Amino acid sequence: MPVIPAVPAWGELKQATVLFADIVSSTEQIADLDAEQAMERLGPALALMCESIEKFSGTVVRTMGDGVMALFGAPKALEGHALLACEAALDMQQAFKGDSLGFRIRVGLHSGQVASDPQQADGRGGGAHGLTIHLASRVVGLAEPGGICATESCYALLRSSGDVRFMGKHLLKGISGHTGIYALVGLKAASTNRLTQQGSLTPFLGRTGEMDVLKQALLLTERGQARAVGISGEPGAGKSRLCHEFTQWCRSHSIPVFEVRAQPYGHAMPLQPGLSLLRTFFFRITPADDGAAARARITARLAQLGPPSEADLALLYDFLGVAEAGSALLPGLNPKLRHARLLSLVRELVKHDAATTSVILIEDLHWLDEASEEFVATLVEAAAATQTMVVLNFRPSYRLPWAQFDNFQKVELDQLSGSEIEHLVRSLIGPREELREMCRLVVKRSGGNPFFAEELVRSLADGGFLAEEADLSAEALQAIERSLPPTVQAVIGARLDRLGEPEKTLLQMCAIIGKEIPLAVLEHMASPLASVIEKGLDGLCHADLILPQPAVGGRRFAFRHPLIQEVAYSTQLKVRRGPLHCAVALAMEVYYRDQLDEYAALIAYHYESAGQHVDAAHHSSRAAQWVGATNSALAIKHWHKVRSLLQGQARSARADSLRVRAGGQIAVLGWREGLVLQEVQPFIDEAKALAGEMDGRLMQLLLMAEGRMLQASGGPADGYVDLLRQAQFLMEPGADPGREAMINAALSQAYAWAGLLEQALAANTAAMQGMSAIDRFDREWIGFSVEHWVLGMRARLLTRLGRLGDAEECLQQLLVLGQSSNDPVIMQFAHFGYIDLAWCRQSASIAQEHYAHVEEIAAKHEGPYLRVFALSCRATTVSIAGDFVTAASTLTDALALVRGAKVAMEYETEILASLAECYRQLGQADRAVELGGEAIALARRRSTRLPECRALITSAAALLDKHGLIGVAQAKPLFAMAAELVRLTGATIYEESLQRECARIQTLGKPVEVSA
Ligand SMILES: Nc1ncnc2c1ncn2[C@@H]1O[C@H](COP(=O)(O)OP(=O)(O)OP(=O)(O)O)[C@@H](O)[C@H]1O
Ligand SMILES: [Mg+2]
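All values reported here derive from a predicted model rather than from experimental measurement.

Draft legend 1. Layout of the pairing of strand β6 (residues 148-151). A two-sided burial pattern is seen for β6, the buried positions comprising Ile148 and Ala150 on one face and Cys149 and Thr151 on the other. Sheet analysis places β6 next to strand β8 (residues 178-187), joined by three bridges and oriented antiparallel. Looking across to β8, one finds that Ala150 is bridged to Tyr182.

Draft legend 2. Spotlight on helix α41 (residues 945-963). Between its first and last C-alpha atoms α41 spans 27 Å; for 19 residues at 1.5 Å apiece the expected length is 27 Å, and the two agree. Gly964 lies just past α41 and shows a positive phi near 60°.

Draft legend 3. Seen up close, the site of ligand 1. Taken together, 23 residues lie near ligand 1, and Leu205, Lys239, Arg241, Arg395 and Glu454 sit nearest. In this structure, a nitrogen atom belonging to ligand 1 sits 2.8 Å away from a main-chain N or O atom of Leu205. One of the backbone N or O atoms of Ala237 is found 3.2 Å from an oxygen atom in ligand 1. Burial of ligand 1 by the protein chains amounts to 99% of its free accessible area of 630 Å². For the shell around ligand 1, the secondary structure elements donating two or more residues are α7 (239-252) and α15 (450-462). Across the shell around ligand 1, the residue classes tally to ten nonpolar, five polar and eight charged.

Draft legend 4. Representation of the environment of Ser446 in the model. Inspection of the secondary structure puts Ser446 in helix α14 (residues 436-446). With relative accessibility at 4%, the residue Ser446 sits in the buried group. The sequence separation of Ser446 and Gln415 amounts to 31 residues, and the corresponding C-alpha distance is 9.4 Å. When near neighbours in sequence (up to four residues on either side) are disregarded, Ser446 contacts Ile421, Phe452, Ala453 and Leu456.

Draft legend 5. Spotlight on the sheet that holds strand β15 (residues 546-549). If you trace the three strands from one edge of the open sheet to the other, you get β14-β16-β15, paired in antiparallel fashion. Each edge of the open sheet is held by one strand with a lone partner, namely β14 (516-518) and β15. Looking at each pair of strands side by side, their axes are set apart by 30° on average, direction ignored. Alignment of β14 against strand β16 (residues 556-559), held across three bridges, turns out to be antiparallel. Directly across from Glu516, in β16, lies its bridge partner Ala558. Running at roughly 110° to β15, helix α20 (residues 533-542) makes contact with β15 and β16 of the sheet.

What counts as what
- Residues numbered from 1 in each chain as written.
- Chains lettered and ligands numbered in written order.
- Predicted model: local features only at pLDDT ≥ 70, side-chain atom pairs only at ≥ 80, totals over all residues.
- Heavy atoms only, no water.
- Buried < 20%, exposed > 50% of the residue type's maximum accessible area, 1.4 Å probe, protein only.
- Helix = DSSP H or I, 4+ residues; strand = E, 2+ residues; numbered from the N terminus.
- Pairing = 2+ DSSP bridges.
- Expected span 1.5 Å × (residues − 1).
- Near = heavy atom within 4 Å.
- Polar contact = N/O pair within 3.5 Å; in protein donor to acceptor, adjacent residues only side chain to side chain.
- Areas by Shrake-Rupley, 256 points an atom, 1.4 Å probe, with all protein chains shown as cover.
- Nonpolar A, V, L, I, M, F, W, Y, C, P; charged D, E, K, R; others polar.
- Contact = heavy atoms within 4.5 Å.
- Axes fitted to C-alpha atoms, helices over the stretch in contact; angles between N-to-C directions.

As structure tokens, then:
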């Protein structure tokens, strides 16, 4: 293949794309102006056009008063000139969308041969001639205002990257014959399949059985029984090619196809494929869409499911990185629930699309990160009864998480048969009879792997062994056979060894960057090679090692095949790779500056590979925070990664502060993930030791996390209170109102569990007063809405204090607030509170009404925590109605769930006390006494005084039920203890039942003195 010289001289013929752009009806707009005024008006518009051209490496050849002409591919040779010209055209139209001058422009594009002439230089690069230019100048007139027209020859170079509308064949002035014209609407997202960009493919051979399986699956899909087909095979066996042939077939039958690909550094880039699936397939967001356009698409799509909730919209905007700058934080939704909600939205969206058939292709699953894996699994499962077919491919090392899904089927791709591979090699080598033996050698060595075969042929061609004059004697062939590399990796390696400079160095740098190579990142790394970078990239493109990619926002390249990157990477010495990784990390920090959260994990990976562990930990923490918004389990892994990166690193303020945050966040998130205190205590302790030396504020949060964890693991509520008191002790009163409010909110919870209601209410009031001062860091640290939390606790407290009217007021507020939330716990909370209230008022109908809501929410969002909630609400509701049989069995279920799943352990004593009460009502006094005793003992260990009080009253009453007067001696001290607890806690709601049961003693015999 010819190598294009680096700095070609003018005065030669080159393949290029010509761009003409002009301002629509400019003559009318400047009719009343003199020449100077006209230039003043048009000048800025022309400057905008030139800016877009230069941004995509084009050369402005002429400006013409109200328009410009530019060349892509001349005088500078450019791979993918047509694509770059299209990008520039789209960029230009985008720029004019917001043009305050009120101009609209048209753009025309045509590709072909251009003669460029240095003698006519106009200061910007010289003149250019030829029919191509002439034709291009005619095309612009066909475009609508705001539109772009391209000729068929330009479109042919775009191949499947262009999103176009055919406008028919046109007769153009001065041009013989008709020219096909396309309106360019946009470019498809970075084409995920290199096969779609390759000019000529080898003929597609064999694979008829596999194609049949795919077509059969499509047939079922069209009938609403969608299938997912996974294609597994060795590297280079032809998985991507098979998928390419199938998806092309689909496209030719007007079935839309969406492609997503996992990347080699997938584990370091959590969620990328998941994000791209949401962006392209579900919301049809194109790379050209800005934030507002993307939000509009999301809103419109979601509206198809019903009126979209604010919370869902905020969640998606945030997740897809299109939230308005400065928009409010998400209303309280913890990561676990956010993640669950995203997955359930995926489910709903897939299911909703029942009426159209489409195909989603997910490439290279073996690189898929865990978080995306869940997205894909959800998609595959939810697609079952729809018309969305999912095609996946992966290498055999990949372990399939959804092999058990009924709608999934796996296809193992063997190597091609002897005759097929021979056919392939023949088509590559050519029909010369003398090469028959050479062909046999390649067929044999390739073992039927088409990629290996292709690379072997390429390597023979490079070595001159396929030339007319090559020596094909038996000895020569024997020597060739011996020299043929034994594996596909070796053949690629040999080819890379033969590369000259700067190609080899550039390719190695590219391999470090990843499968996709943004030019800006490469330029940053390769600054010493700046003058030869274009030449080097051209060389690599011509050697078919990398390919230019369509991409809005800057040029980029991709490896032609993943194996090339893998070999180019693994053959570099580690010591050499280190500094390059560091350079990539630095360049990426600049290049992805607007998406740093999304790319933090990848940047961390490069720093780690460069041996810069503190920088790596810093970016990992950023990734943890980002991913933690939707996936706490994954965030915990990232925080562990932060810790392990810092192990053995010298102490420094930066490293220590990362260590503290990592330990603290493991505890905070761990509670949600069902970890118990013992598991996270070492991390908390380590973090506390460091925080103690460096930052008292962090210490407060660590104490709070430790306390919550203690409570959630079944520890004493008083312990939770103590830890928060310690945190308070570290604060200077009045100096930090936001933080004080946070600690008070937690204290309100801790006191409430401890049953110290007045103290709890006081802390709650203090929290409410300071709430607006709580900063973003603290809100992110706890991860859910403080407002909901505080109000919900307040309602429960007031109920227990017997202030039912005040409680109801809080609940009304909470119900309104809850509507703006996606968080099912928050949504349930208000109803839960109403049921509590209904219990106090013994109103079966109110309880029933709110229980229906609770059940609905629990059914919609799975999860053991919500189930426990729902079960206790049910028990309360039915017991108000007098159905203690159902209440007892429901509570038994709740108890089993709490003990089995170790969730909602803080409710265990309450459930036990209620169960004892149920048995008493059912006349099973023995069982009531037994369970009451269990509840009392447990409640004492956990210092949960309210359930203890309730269990004391129930146990004592059950003793009287059973033994009458004889039971009095045993019951009396229990009543006395209950009375003492009512006094201590302020739980007036138990006062009445206590008085009533005590009064029974009088009817049995001697009266008892009770002071409450
Ligand atoms: N059936 C076929 N007929 C002709 N050529 C094929 C066939 N299958 C694959 N090839 C060619 O072999 C090369 C490798 O194929 P492909 O990229 O599909 O491999 P792969 O299995 O996806 O590899 P990887 O696991 O590395 O992604 C491509 O150039 C492709 O065109
Ligand atoms: Mg592949």
